[in-house]
Amino acid sequence: MNFTRRNFIKACAVSTAMLTAGCSVNKSGTQTESQKLNKSDADSWVKSVCRYCGTGCGVLIGVTNGKVIAVKGDPDNEVNKGLLCAKGYYLPQILTADDRITQPLVKKNGKFVETSWEEAMNLITEKFSNAIDEYGPASVGFYGSGQALAEEEYVANKLFKGAIGSNNVEGNPRLCMASAVGGYTTTFGADEPMGAYEDFEHADVFFIIGSNMAECHPVLFARLTDKKRQDPHTKIIIADPRRHRSHKIADISVPFKPGTDLALLNAMAYVIIEEGLTDEDFIAKHTSFSNGQAKITYDQFKEFIKDFTPEFAEKKTNLSVDRIRELARIFAEPGKNTMSMWTMGINQRVAGVWANNMLHNLHLLTGKICRPGSTPFSLTGQPSACGSVREVGALCHLLPGHRGVANAKHREEIAKIWGISADRISPKPGYHTMQLFQKCVDGDVKALWVMCTNPAQSLPNATHYNPGLEKTFLVVAETYHPTLTSKYADVVLPAALWCEKEGVYGNTERRTQHLAKAIDPPGEARPDLDMLIDFAHRLGYGSLFQYDGPEDVWNEYLKCTTGTDMELATYQSLKEAHGIQWPVKDHKGIQGTVRRFIGGEDPYIKEKGKIDFYAKPDNRAVIFARPYKEGEEMPDAEYPFCLTTGRILEHWHTGTMTGKCPALNRAVPSSYVEVHSKDATQLGIKNGDIVRLVSRRGSVELPVQVERPGIPQPGMLFATWFEADRLVNSVTIDAVDPGSKEPEFKICAVRVEKV
Ligand SMILES: Nc1nc2c(c(=O)[nH]1)N[C@H]1C(S)=C(S)[C@@H](COP(=O)(O)OP(=O)(O)OC[C@H]3O[C@@H](n4cnc5c(=O)[nH]c(N)nc54)[C@H](O)[C@@H]3O)O[C@H]1N2
Ligand SMILES: Nc1nc2c(c(=O)[nH]1)N[C@H]1C(S)=C(S)[C@@H](COP(=O)(O)OP(=O)(O)OC[C@H]3O[C@@H](n4cnc5c(=O)[nH]c(N)nc54)[C@H](O)[C@@H]3O)O[C@H]1N2
Ligand code: SF4
Ligand SMILES: [Mo]
């Protein structure tokens, strides 16, 4: 397996560039095969965005005779300036895979049979209507995706919350970004990062924790390596219990015991205060303090933080006191700009929101925020978790434009735009993701529409929840069949994929981008948007869903953002531009905003240079006193290993797409588990051996990789989970953060058995 991966990396210039420390963006950019393509190599080049990660790279899609012949990086898109990673480069191959479905499938006597759209949609309408009539609107639900288009999620949200009256609208961002949302909204009163990729150019220090950018945000990582090359004084700190590819460019590698970050982050705050590295003027002007229940004073916070000495953190994390002090000093060095970045190592935790708060604390205590190069910058996983779910409000407690279902004024405002009476929208949040699937197990959710996600493989403790999918009347809108989820479906609807439809994505840095349609979908496959609008009409809500395509939907959605803190750009300007960052400046949406909460950039602040956290009633960001908390299930005598799960460069989540690209699949054909060499010796296992990981919930058999490609801490295992035949999520834990309801994919206890 390794041998092939090495060959792959060698053969694929761009991924080599992305994976190798210190490489240059220009070099990697000009080396890609796709970059060599000329204008004349295709009949037309269509402007779009990569459908994979939250980086949001602009692409140009080469079309000849109605077929996609190539994809290349869009040189005019500021995000990637023409660069792509391997996954982006191989995008054309996912369109033509053998298991694309081109006609609706209905399960009859346990077997899937092809059917007409008419029959499939009539059946769905009948089942949903019966459930609503008999058991009420809360007996039906929708489970969507941060990979769907904004218009698709908007229409689903309106249909379920506004027309049907069910707030059971959820999606995979709950498994991913919910803790980051919780962090931004509690600390600043408003979701999403205030900074931007442009901050890379100004930062002196990068504090990267729980994030493997080299593999998960490769083009951003290339920007980082380029910055380091141009400015060798740049300091890069990478804190992660596993040494992975991103560590190669680290000036300081900080591998620590998994699940103990909260001790490290509080101890950094301790040192910053003790050593007088705070920005007192900033703290006095722009912050308040809270213990989560009530306001506290700065002095009370200082009292609280006294327990979190570097010595305390040393015991928990296995990092030395000196190292912890050093990290705090580098982070807080006066006159330098510090940018922190994090992803799932922080979010997918039962203390995910608290960990997010603590990262914000460090920036607020040192005043390293709202300045070019100083910002707490959460990296978003999916291409449109921000644009399609966080902004559209497609989670059970939200409404479009950063509004909430529990707020009467918000319900009024949205009901007006939706053309319904406000009492149609329930003030009670629906079931969050893990509840929703539990309610399927319990038989309380009778009918569920799943769109652009594969929960039977991606939910934690999946073996517990999957029988619920069997019980519920399940509609799965998919591009391929079978997937682990579509197997449970009563109806599978063939979906148009990526460039076979048109719409909008929103990436990590508040950048909204238009994806043009390049080719027709195969057979009878349709865009998800069309399916949802058709469904709304059949349910009898036709008058509320009179749209003539995605632009019409966008125009209605745009009204939900007017006058809010996240005013979006017009469809026309999005079509022309290479992404526009909200909030737009002129109500027309030509000019975006790079940084928020700073006058001169943020259109809502009149005075140039003034920092104003206006989303909070007192205009102050909150520094939270958050206690220490470990993982829900830490190792013990019976289950002595800490299992973490995550990603590699070549594969995307459940592997339905990247598994179709021969080069990617050859490079890494199977999921595996990384083991530290000490543990391997003790267990008597070597590369390629198959081991069984057993948790309190289930087991999975995986081939062993000893310290490659990453090196986990002793006592820690790292498993990839892209392979459908090895259900790693039968082992993971479904404990959730009490605030964000995001599950703890990153930590559970297992034992290892030789097979
Ligand atoms: N190639 C590729 N790229 C992707 C994706 C993909 O599937 N494939 N998916 C996209 C999506 S949706 C997401 S959410 C992102 C995820 O992007 P990342 O979060 O960067 O990726 P992961 O591998 O899930 O986890 C990152 C790291 O968290 C670390 N970790 C585990 N436990 C702890 C802990 O206790 N503390 C800390 N600090 N770290 C810990 C793991 O060691 C791991 O290396 O990637 C996006 N990009
Ligand atoms: N063990 C473990 N589990 C995890 C995580 C982890 O770190 N560890 N991470 C979690 C995170 S962060 C995330 S984001 C989730 C992701 O989990 P999922 O969303 O379940 O994974 P994907 O493989 O991205 O699923 C997307 C599905 O949509 C289909 N599809 C593609 N395009 C379209 C389209 O246009 N329309 C429709 N209808 N279908 C389409 C694809 O074929 C694919 O089956 O997994 C979570 N699960
Ligand atoms: S970095 Fe992300 S968005 Fe860019 S090409 Fe790679 S997968 Fe696509
Ligand atoms: Mo994610």
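Reading the values: rules and limits
Residues numbered from 1 in each chain as written. Chains lettered and ligands numbered in written order. Predicted model: local features only at pLDDT ≥ 70, side-chain atom pairs only at ≥ 80, totals over all residues. Heavy atoms only, no water. Helix = DSSP H or I, 4+ residues; strand = E, 2+ residues; numbered from the N terminus. Buried < 20%, exposed > 50% of the residue type's maximum accessible area, 1.4 Å probe, protein only. Contact = heavy atoms within 4.5 Å. Areas by Shrake-Rupley, 256 points an atom, 1.4 Å probe, with all protein chains shown as cover. Lys, Arg positive; Asp, Glu negative; His and termini not counted. Charge placed at Lys NZ, Arg CZ, Asp CG, Glu CD. Domains from an automatic or database assignment. Buried area = accessible area lost by both parts, 1.4 Å probe. Salt bridge = Lys/Arg side-chain N within 4 Å of Asp/Glu carboxyl O. Nonpolar A, V, L, I, M, F, W, Y, C, P; charged D, E, K, R; others polar. Near = heavy atom within 4 Å. Polar contact = N/O pair within 3.5 Å; in protein donor to acceptor, adjacent residues only side chain to side chain. Axes fitted to C-alpha atoms, helices over the stretch in contact; angles between N-to-C directions. Parallel < 35°, antiparallel > 145°, perpendicular 65-115°, else oblique. Left-handed = near helix turned anticlockwise from the far one by under 90°. Core = buried A, V, L, I, M, F, W, Y, C linked by side-chain atoms within 4.5 Å.

Trainee: Which residues make up the overall build of the chain, and what are the values?
Mentor: Check the secondary structure of the chain and you find 27 helices and 31 strands. Taking the principal axes of the C-alpha coordinates as reference, the chain spans close to 70 × 65 × 60 Å. Per-residue burial for the chain yields a buried fraction of 66% across its 755 residues. Residue pairs in contact within the chain that sit at least 24 positions apart in sequence constitute 73% of those at least 6 positions apart. Of the roughly 25,200 Å² that the chain leaves accessible, carbon and sulfur atoms contribute 49%. A gap of 3 Å separates the mean positions of the 87 positive and 91 negative side-chain charges of the chain.

Trainee: How would you sum up the domain arrangement of the chain? Please name residues and give values.
Mentor: In terms of domain boundaries, the chain breaks down into domain 1 (8-96), domain 2 (105-170 + 384-545), domain 3 (178-379) and domain 4 (641-754). Taking the mean C-alpha position of each, domain 3 and domain 4 sit 27 Å from one another. Taken together, the contact pairs 26 residues of domain 3 with 23 residues of domain 4. Between domain 3 and domain 4, a total of about 2,000 Å² is buried, with carbon and sulfur atoms accounting for 56% of that surface. In terms of surface lost to domain 4, no three residues of domain 3 exceed R242, Q348 and V350, which account for 36% of the buried area on that side. There are two salt bridges connecting domain 3 and domain 4. Between R242 and E674 there is a salt bridge, with its nearest N and O atoms 2.8 Å apart. Class assignment for the residues of the side of domain 3 that touches domain 4 results in twelve nonpolar, eight polar and six charged.

Trainee: Break down the site of ligand 2 for me, with residues and values.
Mentor: By nearness alone, 33 residues border ligand 2, and Q147, N172, S458, E478 and T654 come closest of all. The side chain of S458 places a nitrogen or oxygen atom 2.7 Å from an oxygen atom of ligand 2. Here E478 contributes a side-chain N or O atom positioned 2.3 Å from an oxygen atom of ligand 2. Protein chains shield 99% of the accessible area of ligand 2, which is 910 Å² for the free molecule. Residue assignment for the shell around ligand 2 shows that the elements contributing at least two residues are helix 21 (455-458) and strand 19 (473-478). Split into classes, the residues belonging to the shell around ligand 2 amount to 13 nonpolar, 14 polar and six charged. The two domains that each donate at least three residues to the shell around ligand 2 are domain 2 (105-170 + 384-545) and domain 4 (641-754).

Trainee: Describe in detail the site of ligand 1, supporting the description with residues and values.
Mentor: Neighbouring ligand 1 are 34 residues; D240, G259, D261, R647 and H651 lie closest to it. Between ligand 1 and N212 there is a distance of 2.7 Å, counted from an oxygen atom to a backbone nitrogen or oxygen. In this structure, an oxygen atom belonging to ligand 1 sits 2.7 Å away from a side-chain N or O atom of R647. Relative to its unbound accessible surface of 910 Å², ligand 1 loses 100% to contact with the protein. If you list the elements that add at least two residues to the shell around ligand 1, you get helix 9 (213-216), helix 16 (344-347) and strand 25 (641-646). Its residues assigned to classes, the shell around ligand 1 comprises 13 nonpolar, 13 polar and eight charged. Two domains share the shell around ligand 1, each providing at least three of its residues, namely domain 3 (178-379) and domain 4 (641-754).

Trainee: I'd like a description of the packing of helix 7 (residues 150-164) against helix 24 (residues 550-561), backed by residues and values.
Mentor: Between helix 7 and helix 24, the shortest axis-to-axis distance is 10 Å and the interhelical angle comes to 65°. Overall, the two elements helix 7 and helix 24 adopt an arrangement that is roughly perpendicular. Helix 24 is crossed by helix 7, and the crossing has left-handed handedness. Contact with helix 7, carried on its side by A150, E151, Y154, V155 and K158, involves P550, V553, W554, E556, Y557 and C560 of helix 24 and no other residues of that element. Considered class by class, the residues forming the contact of helix 7 with helix 24 number eight nonpolar, no polar and three charged.

Trainee: So what's going on with the nonpolar core? Residues and values would help.
Mentor: Counting residues in hydrophobic clusters, the biggest one holds 66 residues, and the most contacted among them are I124, F128, F160, W449 and L493. Broken down by element, this core gets its largest block of residues, eight residues, from helix 7. Look past the residues within four positions of L493 in its chain and what remains in contact with it is I101, P104, W117, A120, M121, I124, W449, V475, V476, A477, E478 and M531. With 59 residues, the next largest nonpolar core counts I209, L264, A269 and F301 among its residues.

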